[in-house]
Amino acid sequence: MKIHLVDGTYELFRAHYSPRPGRAAPDGRDVKATHGLAQSLIALLNQPDVTHVGVAFDSVIRSFRNELFDGYKTGDGVEPDLLAQFPLAEQMALALGLTVWPMTEFEADDAIAAAAVRFAQFDAVEQVLMCSPDKDLAQVVSGQRVVALDRRKGEVMDEAGVIEKFGVTPAAIPDYLALVGDSADGIPGIPRWGARSTATVLSEYGAIEAIPADAGDWGLKIRGAPALASGLAERMDDALLYRQLARLRLDVPLPETDPEQLRWTGVRLPELEEFCQSLGLESLLDRLP
């Protein structure tokens, strides 16, 4: 079996900001994102090799990471019409008969990573596909068994692909993001540490704390090495904090312990019909597998 783990939050944002025309419910509510998400999930379910699916949502765009760092991403600035559709999105996914993980303390990426690592251990699982382009998830990619799938581009990134793209192994991705920064998550990174220099140094030393404080001790030739070394030494505590923010949590308390619990057995038709009718999305019913 293959397991598909979907980042529902990403899909919802993508649908909301797509160039497709807007969509309104009979009561005037904006439901474009919900409609787009439903279309995406139905398209996924129509694929013959899709049998076991989990969908994770950021029910609240805050997490334990906001307690660690004030600059971490929040829901500030997100359009109210989009925020209002998060409960609708979860309801839609449940009506489609999917396993849904609404995250509050943790994030959707944490749930996906935890599920990927958990279910990849089963012999019956041929492959786990994390359906998201989020670079955070690269840290749990493993060989060709756990991969990242960008459904929009139709691209699969395995472990060799992670190394090719970032220049480091999956295990070093949190260190990489800590140094380079990740604007999507509000991680500022360490000044002067760019993608190329970071990849080169981490390829040699593997982790932030293993990097010698004196550039003279580096067995590398890197332009501006003294400035990089001194800058990291001055902000070592920040770098370690940023790594903590970037490192996905694998201890998310997901209730499912066996991959068979993710098997899709069909839509909950009465619920789905009522839901679609209430939002004026009856056309979705014609697309069901």
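You'll find the structure just up there.
In this report, the structure presented in the accompanying data block is examined. Since the structure is predicted, the reported quantities are computational estimates derived from the model, not experimental observations.

Analysis parameters
Residues numbered from 1 in each chain as written. Predicted model: local features only at pLDDT ≥ 70, side-chain atom pairs only at ≥ 80, totals over all residues. Heavy atoms only, no water. Helix = DSSP H or I, 4+ residues; strand = E, 2+ residues; numbered from the N terminus. 1 Å grid on protein atoms, 1.4 Å probe; cavity = no way out; pocket = protein on both sides within 12 Å on 5 of 7 lines; lining within 4 Å. Points joined across faces, edges and corners; volume = space filled by probe spheres on them. Nonpolar A, V, L, I, M, F, W, Y, C, P; charged D, E, K, R; others polar. Buried < 20%, exposed > 50% of the residue type's maximum accessible area, 1.4 Å probe, protein only. Contact = heavy atoms within 4.5 Å.

## Thoughts on unusual backbone geometry
Peptide bonds are mostly trans, and most non-glycine residues show a negative phi. Of note in this structure, Arg192 is not a glycine but carries a positive phi near 80°. Mapped onto the fold, Arg192 is located in the loop between helix H8 (173-180) and helix H9 (195-205).

## Description of the layout of surface pockets
Empty space among the atoms becomes visible once a probe the size of a water molecule is rolled across them. As a volume, the largest pocket reaches approximately 480 Å³. Lining the largest pocket we find 20 residues, and of these Tyr10, Lys73, Asp134, Ala184 and Asp185 sit closest to its centre. At the level of secondary structure, the elements contributing two or more residues to the lining of the largest pocket comprise helix H1 (8-16) and helix H6 (108-119). The element best represented in the lining of the largest pocket is H1, accounting for three residues. Residue composition of the lining of the largest pocket, grouped by class: seven nonpolar, three polar and 10 charged. Its boundaries defined by the atoms lining it, the second largest pocket holds a volume of some 230 Å³. Looking at the lining of the second largest pocket, the elements with two or more residues in it are strand S5 (146-150), strand S6 (155-157) and helix H7 (159-166). Here the lining of the second largest pocket is composed, by residue class, of five nonpolar, two polar and five charged.

## Things to note about the environment of Ile112
Mapping Ile112 onto the fold places it in helix H6. Given the relative accessible area of 0%, Ile112 is considered buried. Considered as a pair, Ile112 and Leu248 are 136 residues apart in the sequence and their alpha carbons are 9.3 Å apart. Leave out the neighbours within four places in its chain, and Ile112 touches Leu5, Val6, Asp7, Ala56, Met130 and Leu137.

## Quick notes on the side chain of Glu11
Along the chain, Glu11 turns up in helix H1. Its relative accessible area of 3% is what places Glu11 among the buried residues. Beyond its immediate chain neighbours, meaning those up to four positions away, Glu11 contacts Val6, Leu37, Ser40 and Arg151.

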